[in-house]
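Each chain, written out:
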Amino acid sequence: MEAEKPLNQKIILLTGASRGIGRAAAIACAKAGAELIITGRTTGALEEVDDEIKGMGSKSTIVELDSKDLPALPRLAEVIYEKWGRLDGFIANAGQLGQMSPMPHIEPEAWDETILVNLTSVWHQIRNFDSLLRAAPA
């Protein structure tokens, strides 16, 4: 059974899980036996992923989360600690393409938001979830 489900009994947090690469990663982890904490900006899209995960016999917990909401990250870490005590894996998938144009034409607000989502937020996520990852047995 272990070879069949290599992520059995593993808790994995996945940001940006409602579509695209994040959704595919969530489904793959669920097929491998992981219990998932899936985040995204829209609950409706996350519910569709959750339904698919539960349909294959795995578990997931939905967390509506905008990666720009930096104060939400320590709160999420605390809830994860209280419920599971650890994270066995973390996939920082949430991202934003940003404004597609030559650099001098990019609006400063668009640049700042893209950097916030794709870089600054990921740093905050790693900082907040590090102790949970270190608490995992592997």
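The coordinates are above.
Rules used throughout
- Residues numbered from 1 in each chain as written.
- Predicted model: local features only at pLDDT ≥ 70, side-chain atom pairs only at ≥ 80, totals over all residues.
- Heavy atoms only, no water.
- Pairing = 2+ DSSP bridges.
- Helix = DSSP H or I, 4+ residues; strand = E, 2+ residues; numbered from the N terminus.
- Axes fitted to C-alpha atoms, helices over the stretch in contact; angles between N-to-C directions.
- Contact = heavy atoms within 4.5 Å.
- Buried < 20%, exposed > 50% of the residue type's maximum accessible area, 1.4 Å probe, protein only.
- Polar contact = N/O pair within 3.5 Å; in protein donor to acceptor, adjacent residues only side chain to side chain.

Draft legend 1. Representation of the sheet that holds strand β4 (residues 89-92). One open sheet accounts for four strands, arranged β3-β2-β1-β4; its pairing is parallel. Taken across any chain shown, the strands that pair with only one partner, and hence form the sheet edges, are β3 (60-64) and β4. Along the sheet, successive strands turn relative to each other by an average axial angle of 15°, direction set aside. Pairing analysis gives four bridges linking strand β1 (residues 11-15) to β4, with the strands arranged parallel. Its bridge partner being in β4, I12 is matched across the sheet by G89. Packed onto the sheet, helix α2 (residues 43-55) meets β2 (35-40) and β3 and runs at close to 175° relative to β3.

Draft legend 2. Molecular detail of the side chain of S18. Its location among the elements puts S18 in the loop between β1 and α1 (20-31). Owing to a relative accessible area of 7%, S18 belongs among the buried residues under this scheme. Among the polar contacts made by the side chain of S18, one reaches the side chain of R19 at a distance of 3.3 Å. Contact partners of S18, with chain neighbours within four places excluded, come to R23, T39, A45, L46 and V49.

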